[in-house]
Structure formats: C-alpha cells, structure tokens
Amino acid sequence: MNIGILGAGQLGSMLAEEGIDLGHHFFFYSDELSTPAEKYGEVFNKKRLDEFKNKISLATYETENTSLGLISEIEKSAEIFPPKKILSIAQNRGFEKALFNDLNIPCANSVIVRSVEELRSAVDQIGLPSILKTTTDGYDGKGQFFIRNESEIQKAWESLSTSEAILEGFVNFNRELSIIGVRGLSGEQVFYPLVENIHKDGILRITIAPAKKISNETQRLAEDYITKIFDSTNHIGALTVELFETNDGLLVNEIAPRVHNSGHWTINGCTTSQFENHIRAISGMPLGSINVKSNWCAMINIIGKVGNIQQFADKQNLFINLYGKAERENRKIGHINVVAESEKDLNKLLESLSDYYPLDCWKN
Ligand code: ATP
Ligand code: MG
C-alpha cells in the first residue's frame, strides 16, 4: 500500500523503515527542510498537499500535535488511523481526563481553569502541591508549572500565558510506567509489557523493559485500561498509556495515540516491534507476536550530543540508532537499546552508558 505519514521525524522514519519490509511504500508530509524520514520516501510540503494526497490511500501521524484540519482534509481521499476522535482527545488534557473519568480509569484529580481567580479556587479544591498544565500543546514537560505554595499562584498562571489550563493534584508516585497496546482492523489486539520510564526535567532518559516486579494482575489492569479506551474510541493502531505507580495502585497520566519513545526498546527486544505492529494494524495485516526475546531490555535516549558513540559500535547486546538530526540542547537525536539475560548484565550495560544520562537517573 501507499502509506502517508504526517510528520517526518524519527517516529515516522522508524515506522517506514519497518513498513518497507512489509512491502509498503511511504510518503511524508512535513514543512521541515531536512528530515530524518527523507531517506525512506518523498517528503511533501504544504504547497504540495494535493500531490501528497494523490499518492496515498492510507495515512497515519507521528505526533498528537497534528492539526485536526489537516486530518479532515486527508480523510476526504484516504483512510486515516488512529481515528480523529482519539487524536482530538489526546490533544487536550481536559478531554483526556474526562475520558478517563467516564471510563472509571483512575487518574489525578483535576480542574480546568481559565483565569487566575479560577486557579485560586481550583487550588482550594485540589490542594497543594499541584501542577498547572496548559490543556493543549504540551510535550516533554513544557507548558507546566509546579505550584508548591499559594504565593506562586499568580506566577504560575502568568508563566503559562494561556487562556485555558488544567490544575492536577501532585501524584506522589513510586515509579512512572507506560504500556503500549495495538489494535488491528479485525479487532485483534496485542499488548507489550509495562515498562519503567525514568525522566529528568520532563524528558524521558531511560526505559527499563519490562518494569521490575510487576504482578500479572497489574499488567492485566493496565491492559484493561487500554482496552476500555480502544472500545470507546474505535481505536486502530498503537496506543500508549503513561501511568504512575503509587502505593494505592496505578493512576493514568496521559495517552498518546501512536508509537512512543518508551516503546523503542521493542525494535531489538521483541519479535515484532511497536512500529511494525502499528503498520500491520492500520494496513489490515495480522499483528505480529510480541514475544520479548531476552529477559531484560533498556533504552537510553541520546539527548543533545552524540558524544563518543563509536566506542560502543562493536559491543554485543547494544544497538545504536541515530536519527540524523543536528545536535541541539535537550533534543532527542538518537537512542541506544541494550538487551541482557540477567539483571547483572543489564546493570553493567547501563553503567557503561552513564555518559548518556544524568547521574541521578539511574544507579546500580
Ligand atoms: P511527554 O510529552 O514527555 O509525555 P508531557 O509534556 O506531555 O510529557 P506529562 O507527561 O503530563 O507531560 O508530564 C511530564 C512529567 O511531569 C511526567 O512524566 C511526570 O514526571 C511529571 N508529572 C506530570 N503530571 C504529574 C502529576 N500530576 N503528579 C506528579 N508528577 C507529574
Ligand atoms: Mg507524558
């Protein structure tokens, strides 16, 4: 099939890289001049939207910041998955919380606010500490203000410079987890194991897969949450759910109707990666087996600088993926996957990569 991808970054590239092996052809829609995806297919800019549309019969997107207007335009001549409904929910933290509450999926208490006065009464209701987030356009922890005490309310509101925000109760979590599920056109669905995500300053640095000490019951609960979301939105494709693990159980943080950074480990860790399964799902192919190939995997993001990566080139059980992006502070420019049979070997591999994450992210 001729598949269009809205966006031409690393997620689009990895989707195409695996989708080409399934016999598909890829076309990208992006206004960026130089993109990681251009080696996998032609990139069309805004002026060439009609040409892009003529090329494709099916489309998907790599970011939830994709404009709904663009989706409606593409939908006139091609199928697009995941469906617009879930994209519009994932674009707005208020809609997300409403969906979780409707489906009885536990999440942080929250209140929508549209002025500093409303923020003051929301703080009375939710309590402190709490986190004020813009309802739209947030990513990598941007558009958020952590409110510790009442004297910060005015500053919090002003700093977001937005007309609408959501105040969320601060969740005292033990770990951050995520899970990726994929549903195909036939209704078939698969789930990858829960993984642990270690963030620094709002940016994902390390994923450990599977997350340690997860009971079957917890895994099933997380799968249950995804299934409820699949059912209520007629979802097709990959869906990522970010969760907080607390002493009182799992709370859902947010969703992303797409392949996710916390699923990059599946390229080397699973029989079928998140990217291949997403393409299989949206193109009507049977889904591939998840089957985790080794006991432990980890993914380390390469942020800002490539560094002395050559030293790892010949290392066993270590796989480097550079996206071909220029170095820039806080920019995700690649990742390293490691696979290991024992926790001890996993720890050794992670230790050898300590140049790639801040000290307090992970310690053996
Ligand atoms: P990303 O794009 O990286 O997923 P984001 O900008 O969409 O991030 P969130 O995932 O909502 O934003 O928040 C970023 C991080 O901030 C979370 O991973 C978590 O570490 C912290 N955080 C967010 N909300 C809460 C909360 N209610 N309580 C405690 N910590 C929180
Ligand atoms: Mg997040």
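Worth saying up front: this structure is predicted, and the values here are computed from it rather than measured. Every chain's residues receive numbers from 1 upward, in the order its sequence appears when written. As a convention, the first chain written is A and the first ligand written is 1, with the rest following in written order. In view of the model being predicted, local features appear only for residues whose pLDDT reaches at least 70, and side-chain atom pairs are presented and counted only at 80 or more, with totals across whole chains, interfaces and linings using the full set of residues. Hydrogens are left out, water is left out, and the side-chain values use all remaining heavy atoms of the structure.

Participant: Just give me the short version of the overall build of the protein chain, but keep the residues and values in it.
Facilitator: Scanning the protein chain from terminus to terminus reveals 11 helices and 18 strands. Using C-alpha atoms as the atom set, the radius of gyration is obtained and then compared with a globule rule of 2.2 Å times the number of residues to the power 0.38. A globule of 364 residues ought to have a C-alpha radius of gyration of about 21 Å, and the protein chain, at 20 Å, matches this closely. The C-alpha extent of the protein chain, read off along each of the three principal axes, is 55 × 55 × 40 Å. Residue contacts follow a heavy-atom distance rule, with two residues in contact if any of their heavy atoms lie within 4.5 Å. By sequence separation, contacts in the protein chain at least 24 residues apart represent 62% of the contacts at least 6 residues apart. Neither His nor the chain termini are counted; the positive set is Lys and Arg, and the negative set is Asp and Glu. Note that the charge is assigned to NZ on lysines, CZ on arginines, CG on aspartates and CD on glutamates. Both charge centroids of the protein chain, one from 37 positive and one from 48 negative side chains, sit 2 Å from each other. Each helix is a run of DSSP H or I of at least 4 residues and each strand a run of E of at least 2, with the numbering of both proceeding from the N terminus.

Participant: Summarise the domain arrangement of the protein chain; cite the residues concerned and give the values.
Facilitator: Just so you know, the domain bounds were taken from an automatic or database domain assignment. The domains assigned to the protein chain are domain 1 (2-80), domain 2 (109-169) and domain 3 (175-361). Just the C-alpha atoms count here: the centres of domain 1 and domain 2 sit 35 Å apart.

Participant: I'd love a proper account of the pattern of salt bridges, names of residues and values included.
Facilitator: One speaks of a salt bridge when a side-chain nitrogen belonging to Lys or Arg is within 4 Å of a carboxyl oxygen belonging to Asp or Glu. Counted by the stated rule, this structure contains 17 salt bridges. A salt bridge links Glu64 to Arg258; the shortest N-O distance between them is 2.4 Å. With a gap of 194 residues between them, Glu64 in the loop between strand S4 (58-61) and helix H3 (68-75) and Arg258 in the loop between strand S15 (249-256) and helix H9 (266-269) connect regions that are remote in the sequence. Exposure categories follow from relative accessible area, calculated using a 1.4 Å probe and restricted to protein chains: below 20% of the type maximum is buried, above 50% is exposed, and the middle band is partly exposed. Overall, the relative accessible area of 15% leaves Glu64 in the buried class. The salt bridge involving Lys76 is made with Glu73; its shortest N-O contact spans 3.0 Å. Looking at Lys76, the relative accessible area reads 63%, which means it is exposed. Among the charged side chains, a network of salt bridges with common partners joins Glu42, Arg48 and Glu51.

Participant: Mind laying out the coordination of the magnesium ion (ligand 2), listing which residues take part and the relevant values?
Facilitator: Only N, O and S atoms count as donors, using a 2.8 Å cut-off from the metal and 3.2 Å for Na, K and Ca, and because water is excluded some sites may appear unfinished. Protein ligation of the magnesium ion (ligand 2) involves Glu242 (OE) and Glu254 (OE), the donor distances falling in the range 2.0 to 2.1 Å. Of this pair, Glu242 sits in strand S14 (residues 237-246) while Glu254 is found in strand S15, placing the two residues 12 residues apart along the sequence.

Participant: How would you summarise the sheet that holds S4 if you had to cite specific residues and measurements?
Facilitator: Criterion used throughout: strands pair if DSSP finds at least two bridges between them. An order of S3-S2-S1-S4-S5 is seen for the 5 strands of this open sheet, with the pairing classed as parallel. The open sheet is flanked by strand S3 (43-44) and strand S5 (79-80), the only strands paired with a single partner. With 4 bridges joining them, strand S1 (residues 2-6) and S4 adopt parallel strand pairing. Counterpart to Ile3 in the pairing with S4 is Leu58. Along the sheet, helix H1 (residues 10-20) makes contact with S1, strand S2 (25-29) and S4, crossing S2 at roughly 165°. Fitted lines through C-alpha atoms give the axes, limited to the stretch in contact for helices. The angle between two N-to-C directions lies from 0 to 180 degrees.

Participant: With reference to specific residues and values, describe the nonpolar core.
Facilitator: Here is a general trend for soluble globular proteins: nonpolar side chains tend to be buried in one another's company. The biggest cluster of nonpolar side chains holds 39 residues, and the ones touching the most others in it are Leu6, Phe52, Ile74, Ile229, Val241, Leu243 and Ile255. Considering every element that reaches this core, the biggest residue donor is helix H8 (residues 216-233), with 5 residues. For this core, the two domains that each supply at least three residues are domain 1 (2-80) and domain 3 (175-361). Residues contacting Ile255, with those up to four places away along its chain left out, are Glu64, Ile86, Ile89, Ala90, Glu96, Leu99, Phe100, Ile229, Leu239, Thr240 and Val241. Counting 36 residues, the second-largest nonpolar core is a separate cluster that includes Ile5, Ala8, Phe28 and Tyr40. To qualify as a nonpolar core, a set must consist of buried Ala, Val, Leu, Ile, Met, Phe, Trp, Tyr and Cys residues joined through side-chain atoms within 4.5 Å.

Participant: Can you explain the environment of Lys325? Please cite residues and give values.
Facilitator: With respect to the element layout, Lys325 can be found in the loop between strand S17 (318-322) and strand S18 (332-340). For Lys325, a relative accessible area of 22% corresponds to the partly exposed category. When near neighbours in sequence (up to four residues on either side) are disregarded, Lys325 contacts Gln10, Pro36, Arg331, Lys332 and Ile333. Side-chain polar atoms of Lys325 contact the side chain of Gln10, separated by 2.8 Å. A 3.5 Å cut-off defines polar contacts: any pair of N or O atoms within that distance qualifies, except that in protein one atom must be a possible hydrogen donor and the other a possible acceptor, and neighbouring residues in sequence count only when both atoms are side-chain atoms.

Participant: Which residues make up the packing of H1 against helix H10 (residues 274-282), and what values do they have?
Facilitator: Each packed pair of helices is defined by two parameters, the angle between the axes and the distance between the axes. The contact between H1 and H10 brings their axes to 8 Å, and the two run at 70°. What the angle tells us is that H1 and H10 run roughly perpendicular. For the pair H1 and H10, the contacting residues are Leu11, Met14, Leu15, Glu18 and Gly19 in the first and Phe275, Glu276, His278 and Ile279 in the second. Residues that form the contact of H1 with H10 fall into these classes: 5 nonpolar, 2 polar and 2 charged. If an angle is under 35 degrees, it is roughly parallel; if it is over 145, roughly antiparallel; if it lies from 65 to 115, roughly perpendicular; otherwise it is oblique. Following the grouping adopted for this structure description, the nonpolar residues are Ala, Val, Leu, Ile, Met, Phe, Trp, Tyr, Cys and Pro, the charged ones are Asp, Glu, Lys and Arg, and the polar ones are all others, Gly among them.

Participant: How would you sum up unusual backbone geometry? Please name residues and give values.
Facilitator: In this chain, Phe81 is followed by Pro82 through a cis amide linkage whose omega measures -5°. With an omega of -5°, the peptide bond between Leu128 and Pro129 qualifies as cis. Mapping Pro129 onto the fold places it in the loop between helix H6 (116-126) and strand S7 (130-134).

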